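Reading the structure
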Amino acid sequence: MAKRTLDAFFKPSTPPKRPKTEPTTISTPETNNTPIEDTKPPSQHQSYPIPIAQLPSHIEVGLEHATPATAPREINNQPHLDLLHFQPYIPRPTANELFKFLRRELPFYRVQYTARRGDIETQINTPRWTTVFGVDETSTFIQQDNNPNSLVLLESKTKAPTPKTKYQCTPRPIPACLDLLRRQVEAANATADTKNPSYNFCLVNYYANGDDSIAFHSDDERFLGPEPNIASLSLGGERDFLMKHKPFVSGGNTNRTGGCVPDAAHAMSGPGGTGVTRASSIVSGGTSGTMSNPESRPAATVPLQQIKMSLGSGDMVVMRGATQSNWLHSIPKRKGKAGEMTRGRINITFRRAVIPGGTNNYYHYNVGSGGMYRWDEVSREMVLQDGKV
DNA sequence: GAGTATAAACACG
DNA sequence: TCGTGTTTATACT
C-alpha cells in the first residue's frame with residue numbers, strides 16, 4: 001500500500017469509478033490494440049443455447065504454465081480405494097478466476113424429475129445447478145473446415161452422420177474453454193498413471209451455497225465401463241467431500257457392483273466430484289455393515305469407515321480403479337453465515353462414456369427439459385433466461 | 001437421490 | 001460439568 005499524507009487520508013483516495021459499460025479506451029481491429037483475450041471468438045454450435053466465451057488469456061496462460069500446481073498424492077490406504085489428490089491442481093488465484101469465468105459464461109440448469117419409490121411418484125428438484133457437454137465414444141464431433149465452430153456429429157466407426165433417432169437429446173461439443181482443461185487433465189493423469197484416460201464428457205455443477213448438495217452415490221453406471229477414471233476439479237468455495245465404503249450384504253464377496261446400494265444414482269452429476277482434502281480424516285460412524293474385506297475385519301458388523309476431505313479452490317481428485325464400484329461419495333449441506341463453506345462452488349468432472357445410454361442419461365439428469373439459467377452479476381444469483389433451453 | 005424427522009455431536013457460556 | 005441452542009448424521013419414505 002502506498003503512503004498517503006494525513007490530509008489526503010480525509011479526501012477520497014480515488015476518483016469516482018466509471019461504469020463498467022463505458023470503456024476507458026476504444027479498441028478496434030484497426031488500431032490493433034484490442035486485448036488478446038477479447039479477440040478469440042466464442043465457441044458456437046447449434047446445440048448451444050448461447051455462444052460460450054473462450055478463456056481470457058490470463059487464465060489460459062495460468063492453466064498452461066502452472067498446472068499441475070502440485071504433484072498428486074495417492075490415497076489408496078483403504079480397501080478398494082484408489083484416488084489421486086492434487087492439492088491444488090490449479091494455483092488458487094487462477095482457480096478463483098476460472099470459477100468466476102465459468103459461473104458467468106456457462107448456461108446452467110436446475111433439473112427437476114419425477115422419481116418413483118414403490119408405487120408413489122415424487123417430484124425431485126435437484127439442489128444444485130448443472131450443465132453438461134460431450135458425447136459417448138460411439139459418436140464424434142468432427143470439424144468440417146478450418147472453422148472450429150463447424151463441428152458435426154458423426155458415427156465414430158463409419159463417419160456417417162449420426163441418425164437423428166440415435167439420441168433422445170442433443171449432444172453438445174465440449175466448448176474450447178473446458179476442452180483446454182480436459183486435455184490438460186488427461187495429460188496430468190498420464191504422467192501420474194500409466195493408464196492414460198481419455199475423457200469425452202464434462203459435467204459441471206454449481207453449488208450456490210451450503211444448501212446445495214448431492215447425496216451419497218457412486219458413478220458406477222454401466223455406461224462408464226468397468227473401473228471408470230473420473231477426474232473432479234473443485235473451484236471457488238471450500239466444501240466437504242465425504243466418502244464411505246458401500247455397505248455389504250453378508251457373504252463378503254467383492255463383486256464389482258458392490259454392496260446393496262439401490263441403484264445408486266442415475267449418474268447424476270458428478271459428485272461433486274469433488275475431491276478431497278486439505279486434511280483428510282477418517283471418521284468412524286455412519287451405518288454399520290460387514291466389510292467386503294474379511295481378512296482385515298472381524299466377521300461381525302463393524303462401523304464402516306468414512307473419509308472426510310475438505311476441497312479448496314483448484315483442488316482435483318481423480319477417482320480410479322475399484323473406487324466407484326465400492327465407495328459412495330457426497331457433498332453434504334453445510335450451515336453457516338456466508339463463510340468459506342457456504343460460498344459458491346463449481347465442480348467439474350471429466351469422464352468417459354462408452355455407449356449411447358450414457359449420453360441420454362447425462363443430458364436427461366444434467367440439462368433436463370426446464371429453462372436455462374445464467375449468472376447475473378447484479379442480483380448475484382442464477383436467473384432464468386426466457387425461452388432458452 | 002430428495003425431503004423430512006429425529007438422534008447424535010458439537011459449541012459455548 | 002451441565003444446559004441449551006445449533007449443526008451434522010442417519011433412517012425412513
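From a predicted model like this one, the values you see are computed outputs, not experimental measurements. (Residues numbered from 1 in each chain as written. Chains lettered and ligands numbered in written order. Predicted model: local features only at pLDDT ≥ 70, side-chain atom pairs only at ≥ 80, totals over all residues. Heavy atoms only, no water.)

**Quick look at the overall build of chain A**
The helix and strand inventory of chain A stands at six helices and 18 strands. With 389 residues in all, chain A has 48% of them scored as buried. Relative to all contacts within chain A whose residues are 6 or more apart in sequence, the contacts with residues 24 or more apart total 77%. Here chain A has roughly 19,400 Å² of accessible surface; of this, 54% comes from carbon and sulfur atoms. (Helix = DSSP H or I, 4+ residues; strand = E, 2+ residues; numbered from the N terminus. Buried < 20%, exposed > 50% of the residue type's maximum accessible area, 1.4 Å probe, protein only. Contact = heavy atoms within 4.5 Å. Areas by Shrake-Rupley, 256 points an atom, 1.4 Å probe, with all protein chains shown as cover.)

**A look at the packing of aromatic side chains**
Centre distance and the angle of the planes are the two values used to describe a pair of aromatic rings. As enumerated under the stated definition, the model contains 11 aromatic pairs in all. Seen in terms of ring centroids, Phe86 and Tyr89 are 5.5 Å apart; in terms of plane orientation they differ by 85°. Their pairing is edge-to-face. Among the aromatic residues, those joined into a ring-pair cluster are Phe99, Phe108, Tyr206 and Trp375. The cationic tip of Lys244 hangs over the ring face of Phe216; the distance from NZ or CZ to the ring centre is 4.3 Å. (Phe/Tyr/Trp six-rings, centres within 6.5 Å; stacked < 30°, edge-to-face > 60°. Lys NZ or Arg CZ within 6 Å of the ring centre and 35° of its normal.)

**Quick word on helix 3 (residues 92–105)**
Taking 1.5 Å of rise per residue, the 14 residues of helix 3 would be expected to cover 20 Å, and the 20 Å separating its terminal C-alpha atoms lies within 8% of that figure. Along helix 3, the residues that are buried comprise Thr94, Ala95, Leu98, Phe99, Phe101, Leu102, Arg103 and Glu105. (Expected span 1.5 Å × (residues − 1).)

**Some thoughts on unusual backbone geometry**
With an omega dihedral of -10°, the bond running from Thr67 to Pro68 counts as a cis peptide bond. Among the secondary structure elements, Pro68 is positioned in the loop between helix 2 (57–66) and strand 1 (73–75). Positive phi outside glycine occurs at Arg380, with the angle close to 55°. Looking at the element boundaries, Arg380 is found in the loop between strand 17 (372–376) and strand 18 (381–385). Note on Arg380: relative accessible area 48%, which makes it partly exposed.

**A look at the pairing of strand 3 (residues 112–117)**
Both strand 3 and strand 4 (residues 120–125) contribute to a ladder of six bridges, which runs antiparallel. Along strand 4, the bridge assignment pairs Ala115 with Thr122. (Pairing = 2+ DSSP bridges.)

**Looking at the confidence of the model for chain A**
The predicted coordinates of low-pLDDT regions are not to be read in fine detail. In the predicted model, chain A carries a mean pLDDT of 78, and 74% of its residues have values of at least 70. Element-level pLDDT for chain A is lowest in helix 1 (residues 6–9), with a mean of 30, against a maximum mean of 98 in strand 7 (residues 151–155). Predicted confidence for residues 250–279 stays below pLDDT 50, and this span has 130 contacts to residues more than four positions away or in other chains. Counting interchain partners and residues more than four positions distant, the pLDDT-below-50 stretch residues 284–303 has 29 contacts. (pLDDT = per-residue confidence, 0-100.)

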